[in-house]
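# Results of the structural survey
Below are the chains, spelled out letter by letter.
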Amino acid sequence: MSPDIFRPTRLAALLLTLGIGLGLANGAARAEPLPAVVDKVLLQQPSVRSAQALLRAAEAQITQVRSDFLPSLGLTYRNSDSRDETAGTPINRNVRRSDASLRWNVFNGATDTSRLRAGGFYRDAADADLGNVLEQVAYEITENYSDVVRLRQLMDSLQATIARQERVEVKVASRVDAGRISSAELDLMRVRLIQNRTLLGQLRAQLATAEYRYRLLTGEPPAALVLPGIQPAEGDTDIAALVERIHERNPRLRAALQRAAARQAEIGVARGSFFPSVDLTYSKRIDNTTIPVPVSDTDRAAQLQVSLDIPLGGKNLGRHTEAVERHQAAQADADDLLLKVSKDIADLYRQYAEAREIAPLLEQRVTAAQRVSTAYELHFDAGRRSLNDLSIAQGDLFDAQRGLIENRAQQTTLQAQLLGLAGELRASLRSRYRPAPIAPELLGTTYVPPALAAAPVPTIDALPAPEVELIAPAAPATAPSAPNPAAGTPDEALRQRVEAWAAAWAAQDFDAYRAFYTVDFRPGKGRSTADWEAERRQRVTQARSPKLRIDKLTIRTRSADRLSVRFTQHYSAAQYRDSVKKQLDWVKVDGQWKIAAETVLAPPKAPAAPPAPDVNPQEP
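All of the points below concern the structure found in this document. These numbers were taken from a predicted model, which means no experiment stands behind them.

### Digging into the packing of helix 4 (residues 111–177) against helix 5 (residues 183–218)
Where helix 4 meets helix 5, the closest approach of the two axes is 8 Å, and the angle between their N-to-C directions is 160°. In terms of orientation, helix 4 and helix 5 fall into the roughly antiparallel class. Here helix 4 and helix 5 pass one another in a crossing that is left-handed. Tallied by class, the residues present in the contact of helix 4 with helix 5 amount to 22 nonpolar, seven polar and 13 charged.

Okay, here's the thing in structure tokens:
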């Protein structure tokens, strides 16, 4: 084969340059949350547009049926020329006549009423089908979004493992060259590297497929994505309540029941055909002009006619039998779907519960594997561990990280499936969504400061650097210097949470800011949680150059899972600034400290300048 084939061309260089540029642009892009992606592309999907068209068609059918209740108007105009003979004398005759008629079906065995009821049920079924399609597309986007994040994290973890193995390979090669160990050890290291590089190629191919599917769904390449999460609601942990809720709200099941009801209404349509049909017709001649005028003709006339149509034969009996059988088939389909949905609920819930239960153990496994791998590498350098021991420890670390990554993605997809079955996925993404990335230190790639590591959304460091200062209360002058509290004490953990809360606020990252509060946080003053979220989102994200400083912080223990923090808060944004004394009441929820109440203990001091129109201070 000629080597010219592999010679780079200008087109290849251009494509490479564009690819690098696009990659840099994507890498620099801010993480796009899952709800924003779903809302942006949901209505653009062909399946959604098809379901919307079918719903409009069902509504048009109802309009057609309603028109049958109204009478029909007929107008007739006649203009004719003829040549007649009277007693052998030819006569040219011209006739112009105008007639009008009004026809109304006054009785048809309630057929029209039954058709209208059936049309209403079919419209409700089409509306449920649209809801089902929307939930399915939202789940597909959620699954693909999570899959891209999962594969990227797996590749990062595996690349870090390969980098560690390559460092070990260099050490082994130097020892082989010095004659200290056998060359078989180097071969072993290379075999492990080849295995991991092969796996990396497979993951790269899977990621390319997932990203291409993401482009098909959203119309744009995936930029910086973060693993999504949804806060569990109260009924999500009770299997009986969850089954009942899904049976009541499942869009597919509602559509099937509505179609069964429509089939039952069509039985009424078939029964109406057994009754005679009564039509009332009123006819009137409006104008009659005949030239020459005949000896006798009808000039003006009005006529009232009643028509009675009595059906005979077995056609109507067959139609009724068909309607009954179709209703039974539709009801059987609905019952069968109910059984399938119940089975899916039980299966998905068991998997989701197991995934949630094992998640903390997987994090512990990663931490332990990191310690073992680090220790074994030191032992190997000291000659106290074999290369095989070190290689196994490094492989165990990647397996542990892989298990954690797969578990997080599985939790997201299983929860999305359960919410989709209940028809609540889109609503949950809007109200209960929270990013749930794996802490970078667990993946062994980058170091995260403790304050941001404690935050549920460690994306603050990717935003413009805010000015946040946390000042501890000054110790009395006569008190001896005390040692720093242990990092694991509740006071220190809560101090880090307060620091991360302030950092999220100053960074204008509302998702991170909101995640510090309980799901059902009550803001007081009679406001709902949704109203508070809308107000805080606007004030946090629209402030101009916010700065936050906290000092005189004290912590008071209420109980084992309830603490109170008091401090002085100094806030400024644009030309506005104030200082308030504030208390945050924290409760422990699923092992994390959350804000259950926020109280301003002293009103703000007079601002130095009038506040900017789009900036407001923090409220309780």
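### Structural notes on the nonpolar core
Soluble globular proteins tend to bury their nonpolar side chains together. Counting 54 residues, the largest nonpolar core has Ile-141, Tyr-145 and Leu-425 as the members making the most contacts within it. Looking at this core, the elements with two or more residues in it are helix 2 (34–41), helix 3 (46–67), helix 4, helix 5, helix 8 (315–381), helix 9 (387–421), helix 10 (425–431) and helix 11 (440–443). Here this core takes 16 residues from helix 4, the largest share from any one element. With sequence-adjacent residues up to four places away left out, Tyr-145 is seen in contact with Glu-32, Pro-33, Leu-34, Val-37, Tyr-214, Leu-225, Val-226 and Pro-228.

### What about the environment of Ala-301?
In this fold, Ala-301 is placed in strand 5 (residues 301–309). In contact with Ala-301, other than residues within four places in its own chain, are Ser-283, Lys-284 and Arg-285.

### Focus: helix 6 (residues 239–249)
Side chains that are three or four residues apart share a direction in an α-helix, a result of its 3.6 residues per turn. Along helix 6, the positions that sit buried rather than exposed are Leu-242, Arg-245 and Ile-246. All buried residues of helix 6 fall inside an arc of 95° around its axis, so they share one side. Residues of helix 6 that are exposed and point more than 90 degrees away from the buried face comprise Ala-240, Glu-244 and Glu-248. Check the buried side of helix 6 and you find it contacts helix 8 and helix 9.

### Describing unusual backbone geometry
One non-glycine residue, Ser-545, lies in the positive phi region at around 50°. For Ser-545, the location among the structural elements is in the loop between helix 15 (529–542) and strand 8 (547–559). Here Ser-545 falls in the exposed class, since its relative accessible area comes to 57%. Positive phi is not limited to glycine here, since Lys-552 has a value of about 55°.

### So, the packing of aromatic side chains
The tally for this structure, following the rule as stated, stands at twelve aromatic pairs. Taken together, a centroid distance of 5.2 Å and an interplanar angle of 20° make the contact between Trp-505 and Tyr-571 stacked. In this pair, Trp-505 sits in helix 13 (residues 490–506) while Tyr-571 sits in strand 9 (residues 562–573), placing the two residues 66 residues apart along the sequence. The pair formed by Trp-505 and Tyr-571 is uniform in burial state, with each residue classed as buried. Of note, Arg-175 hangs over the ring of Phe-380, and the distance from its end group to the ring centre comes to 4.3 Å.

Criteria and thresholds
Residues numbered from 1 in each chain as written. Predicted model: local features only at pLDDT ≥ 70, side-chain atom pairs only at ≥ 80, totals over all residues. Heavy atoms only, no water. Axes fitted to C-alpha atoms, helices over the stretch in contact; angles between N-to-C directions. Helix = DSSP H or I, 4+ residues; strand = E, 2+ residues; numbered from the N terminus. Parallel < 35°, antiparallel > 145°, perpendicular 65-115°, else oblique. Left-handed = near helix turned anticlockwise from the far one by under 90°. Nonpolar A, V, L, I, M, F, W, Y, C, P; charged D, E, K, R; others polar. Core = buried A, V, L, I, M, F, W, Y, C linked by side-chain atoms within 4.5 Å. Buried < 20%, exposed > 50% of the residue type's maximum accessible area, 1.4 Å probe, protein only. Contact = heavy atoms within 4.5 Å. Arc of directions from axis to C-beta. Phe/Tyr/Trp six-rings, centres within 6.5 Å; stacked < 30°, edge-to-face > 60°. Lys NZ or Arg CZ within 6 Å of the ring centre and 35° of its normal.

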